[in-house]
Amino acid sequence: MDTPPGIRLANVTRFFRDSVPGGNAPLSFELISGGRSNLTYRVDMGGRSVALRRPPLGHVLPTAHDMRREYRVLAALADSEVPVPHPIALCEAASVNDYPFYVMEYRPGIVLQNDLPAGYLDDLTDRARASRALVETLVALHRVDVGTAGLADFGRPDGYLERQLRRWRTQWEANRTAPLPEIDALLERLSRALPAHSDTTLVHGDFRFGNLALDPRDPGRVIAVYDWEMATLGDPLADLGYTLIYWTEPGDARSRGSIAEVGPGTPHPALYSPVERGGAYAAASGRDLAQIDFYQVLALTKLAVISEGILKRFQLGHTAGAGFEKMNRSAEPLAARALAIADASGDRRLRSA
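How each quantity is defined
- Residues numbered from 1 in each chain as written.
- Predicted model: local features only at pLDDT ≥ 70, side-chain atom pairs only at ≥ 80, totals over all residues.
- Heavy atoms only, no water.
- 1 Å grid on protein atoms, 1.4 Å probe; cavity = no way out; pocket = protein on both sides within 12 Å on 5 of 7 lines; lining within 4 Å.
- Points joined across faces, edges and corners; volume = space filled by probe spheres on them.
- Helix = DSSP H or I, 4+ residues; strand = E, 2+ residues; numbered from the N terminus.
- Polar contact = N/O pair within 3.5 Å; in protein donor to acceptor, adjacent residues only side chain to side chain.
- Axes fitted to C-alpha atoms, helices over the stretch in contact; angles between N-to-C directions.
- Parallel < 35°, antiparallel > 145°, perpendicular 65-115°, else oblique.
- Contact = heavy atoms within 4.5 Å.
- Expected span 1.5 Å × (residues − 1).
- Buried < 20%, exposed > 50% of the residue type's maximum accessible area, 1.4 Å probe, protein only.
- Arc of directions from axis to C-beta.
- Phe/Tyr/Trp six-rings, centres within 6.5 Å; stacked < 30°, edge-to-face > 60°.
- Lys NZ or Arg CZ within 6 Å of the ring centre and 35° of its normal.
- Left-handed = near helix turned anticlockwise from the far one by under 90°.
- Nonpolar A, V, L, I, M, F, W, Y, C, P; charged D, E, K, R; others polar.
- Pairing = 2+ DSSP bridges.

A word on empty space enclosed by the protein
Gaps left between atoms show up when a probe the size of a water molecule is rolled over them. Across all of its chains, the model carries 4 cavities of 30 Å³ or more by this definition. A volume near 90 Å³ is recorded for the largest cavity. Along its surface, the largest cavity is lined by Tyr160, Gln164, Val203, Gly205, Ala238, Asp239, Tyr242, Tyr295, Leu298, Ala299 and Lys302. Elements with a minimum of two residues in the lining of the largest cavity: helix 5 (160-175), helix 7 (236-244) and helix 10 (292-315).

Structure follows, in C-alpha cells:
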C-alpha cells in the first residue's frame, strides 16, 4: 500500500519504533476520509491499530492546528465522563514530519452523516437515544472541573467572545479568496450584540454528530469525541450554538455550499431538532438560552470563515483525501443563513442597523 500524503515514512517509522508501544512492527498508513482540516490516519502495526493526527499539508495559520493542545486535552479527559481516544505519544519536533503530530488510541464507531448507515437507527426510539447522548455528552463536557483536570490555564476565560470575534476577523482576512461584505456585516452585528455575561467551561469548538462516534451496538452511547483542535476555556453556549446549526429540514435540497454539504445535517424523524436539542440542554445544564440567536449567528460566521480556509488550501493544492473535487465557496450560503437568523432575531442589536 502506498504511503498517503503527509507521512514521511522513514522518520515516522523511527518515531513509532522509539516512542509507541508495539511500534516496532511493520506499519501501514491510511488517511481517514472526512476531515477537511487536521489530518487523521489509521496506522496498522501488526495486529493492532492506532491513529495519527497532524496539521494540514499547507497554509497553516499561526495559533491554528496546535497538536500539543489537542494532546493535552485528550490526556486531561482520558479518565473523565467525556469519552475520548486515549493519547499515546506526542512528537513535538517538526523535523520528523514537517509539523508536530501525535498518536492516539484508534476508537472507531458510527459517525452520523446525512444518510443514516443501513440498518442503524432504524428504530425511532434509538434515534431519540442518540440525540440524548449527543446532548448528555455536551453537558458532561461543560461539567468538567478544569482545575481537577489540570486545565485551569488552558485558555483565558475573560473576554472569550470578544477574542472569538477578533480571531475570526483575523482568520477571514488571511483566508478569504474574494470579497464577501456579508462577513464584515456579521462581525459588526455580533460585536454590537455581545452578551454582558457568560459562563466559563471547557469548550470543544466543533461539537456535532460529525465529530462523535456512537457505539455500533448501542446508539445511546457515545464512545468517542474527536477533533479537539479548537478546544479552550470559554462560553459553553458557543458550543451549543454550533451544535444547533447542523440541521437541515426534511426535503431541503443539498445545494452546493449548504450546511448539508459543509457539515452533515440530521433531517431524520425522531432525531432532535435544534429546538429539542436546545431544550434538552437547558433542562440538563440549567443555563438560560435567551441569547441563543447570538451564538448561532456566531457559529455560522465561524463556519463560513473555516470553510473559506479549506477552500484556500484546496486552491493552493494543500489538501489530501477524497471529496475536494466538489469544493466551492461555502462561505456565501453560510453567511446568508447567518444573516437570516440575525434579521429574524428578537435581539435588535443583531438585526440590520
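Let's talk about the side chain of Arg54
Mapped onto the elements, Arg54 comes out in strand 3 (residues 48-54). Among the polar contacts made by the side chain of Arg54, one reaches the main-chain carbonyl oxygen of Gly6 at a distance of 3.0 Å. A polar side-chain atom of Arg54 sits 3.0 Å from the main-chain carbonyl oxygen of Pro56.

A closer look at the packing of helix 10 against helix 11 (residues 331-344)
Remark: helix 10 packs on helix 11, axes separated minimally by 8 Å, with the N-to-C direction vectors making an angle of 170°. If you check the angle between helix 10 and helix 11, you find them roughly antiparallel. Two secondary-structure elements touch here, helix 10 through Asp293, Gln296, Val297, Leu300, Thr301, Leu303, Ala304, Ser307 and Glu308 and helix 11 through Ala331, Leu334, Arg337, Ala338, Ile341 and Ala342.

Focus: helix 11
The terminal C-alpha atoms of helix 11, which comprises 14 residues, lie 20 Å apart, in line with the 20 Å expected from a rise of 1.5 Å per residue. Looking at helix 11, one finds that the buried residues are Ala331, Leu334, Ala335, Ala338, Leu339 and Ala342. Viewed end-on, helix 11 has its buried residues packed into an arc of 135°, placing them on one side of the element.

Comments concerning the packing of aromatic side chains
By convention here, two paired aromatic rings are described through the distance between centres and the angle between planes. Under the criterion given, the structure shown has 5 aromatic pairs. An angle of 85° between the planes, with centres 5.2 Å apart, marks the rings of Phe294 and Tyr295 as edge-to-face. No difference in accessibility class separates Phe294 from Tyr295, as the two residues are buried. One residue, Arg69, lies across the ring of Phe154, its end atom 3.9 Å from the ring centre. Positioned over the ring face of Tyr242 is Lys302, at 4.8 Å from the centre of the ring.

What to know about the packing of helix 7 against helix 9 (residues 274-285)
Each pair of packed helices can be described by the angle between their axes along with the distance between the axes. Where helix 7 meets helix 9, the closest approach of the two axes is 9 Å, and the angle between their N-to-C directions is 155°. The pairing of helix 7 with helix 9 is recorded here as roughly antiparallel in orientation. Relative to helix 9, helix 7 is oriented so that their crossing is right-handed. Facing helix 7, whose interface residues are Pro236, Leu237, Leu240, Thr243 and Leu244, helix 9 presents Pro274, Arg277, Gly278 and Tyr281. Classifying every residue of the contact of helix 7 with helix 9 by side-chain character gives 6 nonpolar, 2 polar and 1 charged.

Brief notes about the sheet that holds strand 5 (residues 101-105)
The strand order across the open sheet built from 5 strands is 1-2-3-5-4, with neighbouring strands paired in antiparallel fashion. Only two strands of the sheet have a single partner each, and these edge strands are strand 1 (27-31) and strand 4 (87-91). Between one strand and the next, the sheet's axes are offset by a mean angle of 25°, whatever the strand orientation. Where strand 1 and strand 2 (residues 39-45) come together, 5 bridges link them in antiparallel fashion.

So yeah, pure geometry; function would need other evidence.
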